[in-house]
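Notes for the structure review
What follows is the residue order along each chain.
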Amino acid sequence: MKILKGAEVSAKIKEEVAQIAAGLQEVPKLAIIRVGENPDDISYEKGATKKLTSFGLEVESKVFPGDISDEAFKREFVAINADASVDGILMLRPLPKQINEQDIEKMIDPAKDLDGISPVNIAKVFSGDTSGFAPCTAEAVVCMLKMNDIALSGKRVAVVGRSMVVGRPLSMLLLHENATVTICHSRTANLPEVCREADILAACVGKAAMINHTYVKKDAVVIDVGINVDENGKLCGDVDFADLEGTASAATPVPGGVGGVTTAVTGPGSANVLGGSFVAMKLYGDCIDDMILKYPAAMKCAFGENPKGAYGQNGRKAPVTRMAVAAQLREMLFKAQRYAKEVEAA
């Protein structure tokens, strides 16, 4: 059985990030928001910061006391959300009970929402709109499969778990890859039998070592998303990893599997985020080229001799997300069209 290690995928992502970042005018900046002193949150924050800075990205932690009021936290969050120097936001959840988390999900700028918690991004994931950001763990699973050259198109995939954090968005991402997806849950009849029909089995149910070889088709690939602690106090997944030997063709361990990739795709280092930034920068340049051809005099009047550099001058950053590109291109187009009318009138 092949062990699918997260470190190997993370290393590939790091190489891609280095190439992409080298072509950007500025290094993207990620803000990690933590409320309170939860050891798990602190550990995740340290790990994410270490990994993303090693990618050459800028990471800034925003830490608030665990007893901060809902009103005070929202005031701070609004400031971070509106900060032009921040390209992406990762909020460690769950938030303390006194903070209305659903309000924050609605407030976050969808273009900065790296973990896909905004209703706008969730809707985009479910509609197949790739300009949105999917939840990082769901994105990490797909990344793990694709970077290990595991075909998804036409394959039967069983996703055990239906949460909005992993199960449902993961199912949509797999569907977008032309997989045939079955979403399983606690009420699924004959669950082991259903899972044995799958070429790929993704476990995200949140129950330690629940999935064993009786759930797995011969030579199937098993992806363990679970993070649990067993009776001995050791970290484990939803899958009984050792029990899969001789049945599964490949599987991810816990720890050392999907978790490491989740950290890599959390910030602008993911294929969805920085990859999107690379696409965005190319789109930005290509669209401006088109506008220069269509409105040469207007673009020169509006933006000078170097329209492409207009947003890198005067302290303004070039766009690094697809949604930011769309907004700035609309602004440029409207301005160019206005100048074009003035030129024609003259």
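Please read all numbers here as calculations on a predicted model, not as lab measurements.

Here we look at the overall build of the protein
Tallying secondary structure elements over the protein gives 12 helices and 11 strands in all. Taken across its 346 residues, the protein has 49% of its residues classed as buried. A sequence separation of at least 24 residues applies to 70% of the contacts in the protein between residues at least 6 apart. If you sum the accessible surface of the protein, you get close to 16500 Å²; carbon and sulfur atoms cover 52% of it.

Thoughts on the confidence of the model for the protein
Summarising the model, the protein shows a mean pLDDT of 80, and 75% of its residues fall at 70 or more. Counting interchain partners and residues more than four positions distant, the pLDDT-below-50 stretch residues 267-288 has 58 contacts. Low confidence marks residues 307-330, where pLDDT is under 50. Its contacts with residues over four positions away, or in another chain, come to 55 contacts.

Some details on a nonpolar patch on the surface
Together, Ile-227, Val-229 and Leu-235 line one region of the surface with nonpolar side chains, adding up to about 290 Å² of accessible area. Positionally, Val-229 belongs in strand 9 (residues 228-229). Judged by relative accessible area, which is 55%, Val-229 ranks as exposed.

Structural notes on the nonpolar core
Most often, soluble globular proteins have nonpolar side chains that are buried together. Counting residues in each nonpolar core, the largest one holds 47 residues, and the members touching the most others are Ile-13, Leu-145, Leu-170, Leu-174, Val-221, Ile-223 and Val-261. A total of 9 residues in this core trace back to one element, the largest contributor, which is helix 6 (residues 136-147). With near-sequence residues (within four places) excluded, Val-221 lies in contact with Leu-4, Leu-145, Ile-150, Asp-199, Ile-200, Leu-201, Ser-249 and Ala-250. Residues Ala-158, Leu-191, Val-239 and Ala-248 belong to the second largest nonpolar core, which totals 18 residues.

Overview of the sheet that holds strand 3 (residues 58-64)
With parallel pairing, the 3 strands of this open sheet are ordered in space as 3-2-4. Since the sheet does not close on itself, it has two edges, and those belong to strand 3 and strand 4 (88-91), each with one partner. This sheet shows a mean twist of 20° between the axes of neighbouring strands, independent of strand direction. Contacts from helix 2 (residues 39-54) reach strand 2 (29-35), strand 3 and strand 4, with the element oriented near 170° to strand 2.

Conventions we followed
Residues numbered from 1 in each chain as written. Predicted model: local features only at pLDDT ≥ 70, side-chain atom pairs only at ≥ 80, totals over all residues. Heavy atoms only, no water. Helix = DSSP H or I, 4+ residues; strand = E, 2+ residues; numbered from the N terminus. Buried < 20%, exposed > 50% of the residue type's maximum accessible area, 1.4 Å probe, protein only. Contact = heavy atoms within 4.5 Å. Areas by Shrake-Rupley, 256 points an atom, 1.4 Å probe, with all protein chains shown as cover. pLDDT = per-residue confidence, 0-100. Patch = residues over 30% accessible without salt bridge, like charges linked within 9 Å, V, L, I, M, F, W, Y side chains within 5 Å. Salt bridge = Lys/Arg side-chain N within 4 Å of Asp/Glu carboxyl O. Core = buried A, V, L, I, M, F, W, Y, C linked by side-chain atoms within 4.5 Å. Pairing = 2+ DSSP bridges. Axes fitted to C-alpha atoms, helices over the stretch in contact; angles between N-to-C directions.

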